Amino acid sequence: MIVALVTGANSGIGEAVARQLARQPDHHVILTSRNPEAGEKVAASIVAEGHSASSVQLDLASDTSIAAAAKHIQEVYGKLDILVNNAGTAVDHRSDLSVRENLSMTFDTNVFGTAVLTDALLDLLRQSTAPRVVFVSSSLGSLALSNDENWPYYHMISKSYKSSKAAVNMLVLHYSRALRDANGLVNSVCPGLVKTKMNGYAEDGVTPDVGARRIVELALVGADGPTATFSDRDGSIPW
């Protein structure tokens with residue numbers, strides 16, 4: 001059995017990724033969410049469709065929660081084949097937060113919590129014969145594009161979110177090296193503009209199913225697949 005973990009999987013892109021992975025033969029998907037009831041509801045609906053899924057409570061801002069999730073996977077499965085770091089937050093629009101609060105809240109989830117979780121799961125990933133890790137990033141985190149005056153999003157501020165995704169991309173390069181000796185493939189994916197709660201269900205966004213496709217593709221990639229890359233559905237994105 002291939003064991004996959006998808007963070008922030010109770011809705012949006014994470015839910016779409018979890019559903020697509022669960023449809024793969026001999027795959028079990030562990031969905032994580034801060035609200036355990038929300039994760040359990042989605043997992044139950046996947047099981048009702050004839051696939052294998054379960055739910056684990058996970059709060060990336062809590063080391064205790066992360067440790068408990070890692071312990072659960074160790075005790076129940078003894079390995080982890082696929083990790084999709086999808087959970088994230090964007091709070092640049094909140095005028096009630098100071099600059100420090102905004103940055104701290106964003107980085108605590110998008111960067112710090114994601115790194116702590118990945119570290120906690122490294123030994124389990126090394127128990128897999130073909131570990132795959134996908135970090136859900138954003139083209140907004142591209143240093144090259146953010147410095148291109150002809151880029152459509154050049155004037156978008158969102159300094160906390162953009163900076164956090166640039167940091168996520170650095171984590172991708174770090175973990176690609178950390179798992180190299182285990183034949184692990186680690187990549188960064190921008191799902192594009194997707195209709196989700198985080199962006200107010202952007203009218204010009206694609207559906208979560210479409211946004212999930214490249215993520216799932218790299219989560220399932222074979223031994224000859226890429227590692228340490230940054231891409232979206234249309235191809236490579238400059239760092």
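In case you missed it, the structure is sitting above this.
Structure report, in brief. (Residues numbered from 1 in each chain as written. Predicted model: local features only at pLDDT ≥ 70, side-chain atom pairs only at ≥ 80, totals over all residues. Heavy atoms only, no water.)

## A look at the environment of Ala-18
Line of reasoning, step 1. Tracing the chain through its elements places Ala-18 in helix H1 (residues 12–22).
Line of reasoning, step 2. C-alpha separation for the pair Ala-18 and Leu-31, spaced 13 residues apart in sequence, amounts to 6.9 Å.
Line of reasoning, step 3. When near neighbours in sequence (up to four residues on either side) are disregarded, Ala-18 contacts Val-6, Ala-9, Val-29, Leu-31 and Ile-46. (Helix = DSSP H or I, 4+ residues; strand = E, 2+ residues; numbered from the N terminus. Contact = heavy atoms within 4.5 Å.)

## Considering unusual backbone geometry
Line of reasoning, step 1. Positive phi is not limited to glycine here, since Asp-26 has a value of about 60°.
Line of reasoning, step 2. With respect to the helices and strands, the residue Asp-26 is situated in the loop between H1 and strand S2 (27–33).
Line of reasoning, step 3. You will see that Ala-228, though not glycine, has its phi angle at about 60°, which is positive.
Line of reasoning, step 4. In this fold, Ala-228 is placed in the loop between helix H7 (208–219) and strand S7 (230–232).

## A look at empty space enclosed by the protein
Line of reasoning, step 1. The tally for this structure, following the rule as stated, stands at 1 cavity of 30 Å³ or more.
Line of reasoning, step 2. By volume, the largest cavity amounts to about 40 Å³.
Line of reasoning, step 3. For the largest cavity, the full set of lining residues is Asn-85, Ala-87, Asn-110, Thr-114, Phe-135, Val-136, Lys-165 and Val-168.
Line of reasoning, step 4. When residues of the lining of the largest cavity are traced back to their parent elements, those giving at least two are helix H4 (99–126), strand S5 (132–136) and helix H6 (159–178).
Line of reasoning, step 5. Looking at the lining of the largest cavity, its residues break down into 4 nonpolar, 3 polar and 1 charged. (1 Å grid on protein atoms, 1.4 Å probe; cavity = no way out; pocket = protein on both sides within 12 Å on 5 of 7 lines; lining within 4 Å. Points joined across faces, edges and corners; volume = space filled by probe spheres on them. Nonpolar A, V, L, I, M, F, W, Y, C, P; charged D, E, K, R; others polar.)

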